[in-house]
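The lines below spell out each chain.
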Amino acid sequence: MPGPGQTLRYAVSACAVAGLKVTAPRRRLLELLAEPGVPQVVEPLIRKVADECGVHPVTMYRFVALLEEKGIVHRLMLRDHRAVVLACESLDYLICDRCGVVTRLLEPVGFREWQSVLTAETGYRLEHHWFEVSGICPGCQDAESSGQQLLNSNPCTTDHHAC
Ligand SMILES: [Zn+2]
């Protein structure tokens with residue numbers, strides 16, 4: 001699995017190969033993509049680069065479109081939002097239904113075996129996969145249980161809406 005430094009190098013050289021000039025704002029966008037190595041929603045990502053580098057968001061949207069066109073990033077949807085991930089990253093991730101945090105999923109247990117079963121059963125030659133698992137992250141579970149405690153410590157047990 002490539003580290004963030006290697007991933008950034010991949011992204012920058014892929015741009016060079018594709019004939020895309022890597023200006024400072026473009027490099028910043030690639031850095032932000034390479035750092036977590038997981039799919040990211042496009043809009044806040046572009047807003048961040050635009051704010052930090054003082055460029056117009058439209059220029060960055062155009063750059064993202066070029067990255068998609070050249071196959072340097074994959075386009076996908078994260079909870080109904082347009083998102084991208086660098087093409088060298090895996091498309092296996094966990095997403096929290098509550099806060100939307102995205103975590104890289106290490107090779108799922110038994111995944112290779114499952115692929116062979118799939119190949120045997122369907123006759124497909126598998127080329128790509130995209131594995132999204134959703135649930136509630138540990139942080140949200142903690143918030144959930146502390147909220148529960150607060151509710152339990154509430155002396156009024158009849159009607160919470162009236163308190
Ligand atoms: Zn969460």
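Let's hear about the nonpolar core: which residues, and what values?
Ranked by size, the top nonpolar core spans 22 residues in total, and within it Ala-11, Leu-33, Val-64, Val-84 and Leu-86 carry the most contacts. Among the elements of the structure, helix 1 (4–18), helix 2 (24–34), helix 3 (42–53), helix 4 (57–69) and strand 3 (81–86) are those that each provide at least two residues to this core. Contacts of Ala-11, omitting those with residues within four sequence positions, involve Leu-30, Leu-33, Ala-34, Ile-72 and Leu-86.

Would you mind going over the sheet that holds strand 6 (residues 131–135) in detail, with residue names and values included?
In space, the three strands of this open sheet follow the order 5-4-6, with mixed pairing throughout. Each edge of the sheet is formed by a strand with only one pairing partner; in this case those strands are strand 5 (102–104) and strand 6. Within the sheet, the average angular offset between the axes of one strand and its neighbour, ignoring direction, is 25°. Pairing of strand 4 (residues 92–96) with strand 5, which is carried by three bridges, proceeds in the antiparallel orientation. Across the sheet, the residue bridging to Leu-94 is Thr-103, located in strand 5.

Any details on the confidence of the model for the protein? Residues and values, ideally.
Parts of the model with low pLDDT should not have their predicted coordinates read in detail. Confidence along the protein averages 87 in pLDDT terms, with 88% of residues attaining 70 or more. The weakest mean pLDDT in the protein belongs to helix 6 (residues 138–153) at 80; the strongest belongs to helix 4 at 97. Counting contacts from residues 154–163, a segment whose pLDDT is below 50, to residues more than four positions away or on other chains yields three contacts.

Would you mind going over the packing of helix 2 against helix 3 in detail, with residue names and values included?
Contact geometry of helix 2 with helix 3 gives a least axis separation of 10 Å together with a crossing angle of 140°. By the angle between their directions, the pair helix 2 and helix 3 is classed as oblique. Remark: the crossing between helix 2 and helix 3 carries right-handed chirality. Together, Ala-24, Pro-25, Arg-28, Leu-29 and Leu-32 of helix 2 and Leu-45, Lys-48, Val-49, Glu-52 and Cys-53 of helix 3 make up the contact between the two elements.

Could you give me a rundown of helix 3, with the residues and numbers involved?
For helix 3, built from twelve residues, the straight-helix expectation of 16 Å at 1.5 Å per residue is met to within 8% by its first-to-last C-alpha distance of 16 Å. Taken as a whole, helix 3 has its buried residues at Val-42, Ile-46 and Val-49. Projected down its long axis, helix 3 carries its buried residues within an arc of 65°, all on one side. Exposed residues on helix 3 whose side chains face more than 90 degrees from its buried face are Pro-44, Arg-47 and Asp-51.

Parameters at a glance
Residues numbered from 1 in each chain as written. Predicted model: local features only at pLDDT ≥ 70, side-chain atom pairs only at ≥ 80, totals over all residues. Core = buried A, V, L, I, M, F, W, Y, C linked by C-beta atoms within 7 Å. Buried ≥ 20, exposed ≤ 12 C-beta atoms within 10 Å, placed from the backbone. Helix = DSSP H or I, 4+ residues; strand = E, 2+ residues; numbered from the N terminus. Contact = placed C-beta atoms within 7 Å. Pairing = 2+ DSSP bridges. Axes fitted to C-alpha atoms, helices over the stretch in contact; angles between N-to-C directions. pLDDT = per-residue confidence, 0-100. Parallel < 35°, antiparallel > 145°, perpendicular 65-115°, else oblique. Left-handed = near helix turned anticlockwise from the far one by under 90°. Expected span 1.5 Å × (residues − 1). Arc of directions from axis to C-beta.

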